[in-house]
Amino acid sequence: MFGRFVAAMGLIAGLAAAGVCQAADLTVLVRDRAGRPVLDAVVLIDAPGVAAPRPQAGLTVVQQDMKFAPFVLIAPVGSDVSFPNRDTVRHHVYSFSPTKPFELKLYGSEQAARSVKFDKAGVVAVGCNIHDSMVAFIRVVSTPFAAKTDAQGRARLTGMNAGGATVKIWHPYLKAPRNEIARPVTLGANEASLTVDVEMRAAPDRSGAY
């Protein structure tokens, strides 16, 4: 009887240990061809069988100093994104992107922020119909494994299952079909790392586009 109990406990411990081993983390470094870090690249893993992330509250794209901030925003499918105006002039926010076409007609800082629900995965380019220099991008994702590179070009994803995976890297100025590339990676019990060199297009000069 005691032997069966010990064996059962050993099996439970083994399964628990296996579960722990299956949790995998990944750090991705994105650089351009000159070795410089790429800021604001979206790094994601589409994992089959993994539940889609919950919509995220509190997401904003702010209009301030005649710019949108952040330049790139990651939004889980179903999230509402608010567009507050903190400038002294009015803005007219819109997108013609198939993922989510929308229009927020002229409004100023004295008016309540307008919001949009993003209910389909994809890329949404955002502009101002009055000030052509203003541009931002929303990457709507259906995976919980998505992050944006920082000023050092690094993004970290956590909690994936161990094994083979495909990492996708997207940036609005990445020179590739649909501005996205994919790289294979093997995830294990220890944190994995991946360095990806990409070819970038020069950002458009919008300094005089008012």
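Look up: the structure comes first, before these words.
Just so it is clear, the model here is predicted, and its values are computed rather than measured.

Looking now at the environment of Asp205. Locating Asp205 in the fold gives a position in the segment after strand 17 (192-198). For Asp205, a relative accessible area of 66% corresponds to the exposed category. Sequence separation between Asp205 and Ser133 is 72 residues, and the spatial gap between their C-alpha atoms is 8.4 Å.

A few words on the packing of aromatic side chains. Summed over the entire model, instances satisfying the criterion amount to six aromatic pairs. Considering the side-chain rings of Phe71 and Tyr173, the 5.9 Å spacing of their centres and the 35° angle between planes classify their relative orientation as tilted. You can see Phe71 sitting in the loop between strand 5 (67-69) and strand 6 (72-76) and its partner Tyr173 sitting in the loop between strand 15 (163-170) and strand 16 (180-187), a full 102 residues away along the chain. Using a relative accessible area of 13% as the deciding quantity, one classes Tyr173 as buried.

Following Ala69, the chain continues to Pro70 via a peptide bond in cis, the omega torsion being 5°. Relative to the helices and strands, Pro70 is located in the loop between strand 5 and strand 6. Of note, Asp40 is a non-glycine position whose phi angle comes to about 70°, a positive value. Of note, Asp40 is situated in the loop between strand 1 (23-32) and strand 2 (42-45). In this structure Asp40 comes out as buried when scored by relative accessible area, which is 12%. The phi dihedral of Asp65 falls on the positive side, at around 55°, and the residue is not glycine. As for its placement among the helices and strands, Asp65 is situated in the loop between strand 4 (62-64) and strand 5. Using a relative accessible area of 60% as the deciding quantity, one classes Asp65 as exposed.

Pairing is mixed across the open sheet formed by three strands, whose spatial order is 14-1-17. In the strand order of this sheet, the two ends are held by strand 14 (154-161) and strand 17, each with one partner. On average, adjacent strands in this sheet sit at an angle of 25° to one another, irrespective of strand direction. Judged from the seven bridges that link them, strand 1 and strand 17 form a sheet pairing that is parallel. When the bridges of strand 17 are listed, Arg31 appears paired with Asp197.

For the rest of this paragraph, the subject is the side chain of Asp87. Tracing the sequence through the fold places Asp87 in the loop between strand 7 (79-83) and strand 8 (91-95). Summary of buried charges: Asp87 has no salt-bridge partner, and the nearest side chain of opposite charge, Arg86, is 9.3 Å away. Of the polar contacts made by the side chain of Asp87, one reaches the backbone nitrogen of Asp65; its length is 2.6 Å. Excluding anything up to four places from it in sequence, Asp87 contacts Gln63, Gln64, Asp65, Met66 and Ser109.

Taken together, five strands build an open sheet; the order of strands is 6-12-11-8-9 and the sheet is mixed. Pairing within the sheet leaves two strands with one partner each, and these edge strands are strand 6 and strand 9 (102-107). Averaged over all adjacent pairs, the angle separating strand axes in this sheet is 20°, with direction ignored. With six bridges joining them, strand 11 (residues 122-128) and strand 12 (residues 135-141) adopt antiparallel strand pairing. Each residue of the ladder has a partner; that of Ala125, found in strand 12, is Phe137.

Rules behind the numbers
- Residues numbered from 1 in each chain as written.
- Predicted model: local features only at pLDDT ≥ 70, side-chain atom pairs only at ≥ 80, totals over all residues.
- Heavy atoms only, no water.
- Helix = DSSP H or I, 4+ residues; strand = E, 2+ residues; numbered from the N terminus.
- Buried < 20%, exposed > 50% of the residue type's maximum accessible area, 1.4 Å probe, protein only.
- Phe/Tyr/Trp six-rings, centres within 6.5 Å; stacked < 30°, edge-to-face > 60°.
- Pairing = 2+ DSSP bridges.
- Axes fitted to C-alpha atoms, helices over the stretch in contact; angles between N-to-C directions.
- Lys, Arg positive; Asp, Glu negative; His and termini not counted.
- Salt bridge = Lys/Arg side-chain N within 4 Å of Asp/Glu carboxyl O.
- Polar contact = N/O pair within 3.5 Å; in protein donor to acceptor, adjacent residues only side chain to side chain.
- Contact = heavy atoms within 4.5 Å.

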